Amino acid sequence: MKKILLLTTGFLWFTLSQAQDSTGSKPSFSGSQMAFGYNMMLPMGAMKTGWSSAHGMQAELLLGIGAVPGLKVGLEGAFSMYGYREENQEYLIFNGILASSEVSMSSYTWNLGLKAMMEPPKQMAVKPYVAVQAGVLGMISDLTLDDFSGNDYYYCTSDYTKNLIDDADWYASAGAGLKFDLSTKKKPGRNFLDLYAGYIGGGEVKYANMNRLATTPIDTDKSREVIKIVFVNAITNEQQEQEVAEVYRHPISMLQLQLKYTFHF
């Protein structure tokens, strides 16, 4: 999926740079814009299970199409953290033996996609616009375990720092925004405070439950996916699997809110 998006992006960029209008000249990209700022993701529907919000940064580059005033196309990407937990955990293993460790888990979401927006071509103090986007959205979770303490007769076979989840699927979004002109009277229409809200939907992705870290052995419910670590008894070679977090898999469904600075060029 990521390779497909990169190839599509490259093709779009090449097409725009080489395209010619009806007169045989290359199209004008006047009215292009760059933007960067704050990005918030709020889960909706089944995705509300396991996390509550993500906060991070957004950036975009859109090229104005001279043949269609007010139309801009290009790329947008965002990277946000949706959870962090750090706790001292005690895992009950091997007939009453406790393994203790400081456990931390961090989770992120990212998206990169092609974007098109439409706005009035004339100068306005407050300019409304609509936008659509499609691309790839991913969810990432990392786990860090400190050295375990408790008993010399066991050890943990799992990596102390490891990537637990790195999943991605397609998404599409639609939304609307308002751009407030911050420019001087001599050069209006250059600098904007940009407010945007949109809905994101798409395929299914895995993500970690950030509401709690578990300390229980793996149960026999095969329908429930979990993140686990494995302890081994150094004397008997007996293995004990322990659950550290639950994993969910739901269709992408989020509300996206942005506050950003936009510059026209």
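In case you missed it, the structure is sitting above this.
Quantities reported herein were computed from a predicted structural model and do not represent experimental measurements.

Thresholds, definitions, all that
Residues numbered from 1 in each chain as written. Predicted model: local features only at pLDDT ≥ 70, side-chain atom pairs only at ≥ 80, totals over all residues. Heavy atoms only, no water. Core = buried A, V, L, I, M, F, W, Y, C linked by side-chain atoms within 4.5 Å. Buried < 20%, exposed > 50% of the residue type's maximum accessible area, 1.4 Å probe, protein only. Helix = DSSP H or I, 4+ residues; strand = E, 2+ residues; numbered from the N terminus. Contact = heavy atoms within 4.5 Å. Polar contact = N/O pair within 3.5 Å; in protein donor to acceptor, adjacent residues only side chain to side chain. Salt bridge = Lys/Arg side-chain N within 4 Å of Asp/Glu carboxyl O. Patch = residues over 30% accessible without salt bridge, like charges linked within 9 Å, V, L, I, M, F, W, Y side chains within 5 Å. Areas by Shrake-Rupley, 256 points an atom, 1.4 Å probe, with all protein chains shown as cover.

(A) Seen up close, the nonpolar core. The biggest cluster of nonpolar side chains holds 34 residues, and the ones touching the most others in it are W51, Y91, M105, M139, I227, F231 and M254. Taken together, the elements giving at least two residues each to this core come down to β3 (71-93), β4 (97-118), β5 (126-145), β7 (161-181), β8 (191-208), β10 (226-233) and β11 (239-264). Considering each element in turn, this core owes the most residues, six residues, to β11. Not counting chain neighbours up to four residues away, the residues in contact with I227 comprise L164, I165, A208, Q242, E243, V244, A245 and V247.

(B) Structural detail: the side chain of Q33. You can see Q33 is positioned in strand β1 (residues 33-43). Assessed through its relative accessible area of 0%, Q33 is described here as buried. There is a polar contact of 2.9 Å between the side chain of Q33 and the side chain of K179. Polar contacts involving the side chain of Q33 include one to the side chain of H264, which spans 3.2 Å. Every residue in contact with Q33, bar those within four places of it in the chain, is listed here: E60, L61, L62, K72, M117, K179, T262, F263, H264 and F265.

(C) Molecular detail of the pattern of salt bridges. Per the counting criterion, the structure on display carries eight salt bridges. In this structure, E60 engages K260 in a salt bridge whose closest nitrogen and oxygen atoms are separated by 3.1 Å. With E60 in strand β2 (residues 54-64) and K260 in strand β11, the pair connects residues that are 200 residues apart, well separated along the chain. One salt-bridge network, held together by shared partners, links E60, E76, K115 and K260.

(D) Looking closely at a nonpolar patch on the surface. A surface patch of nonpolar side chains, about 410 Å² in accessible area, is lined by Y38, L182, L193, L195 and L259. By secondary structure assignment, the location of L195 is in strand β8. Owing to a relative accessible area of 36%, L195 belongs among the partly exposed residues under this scheme.

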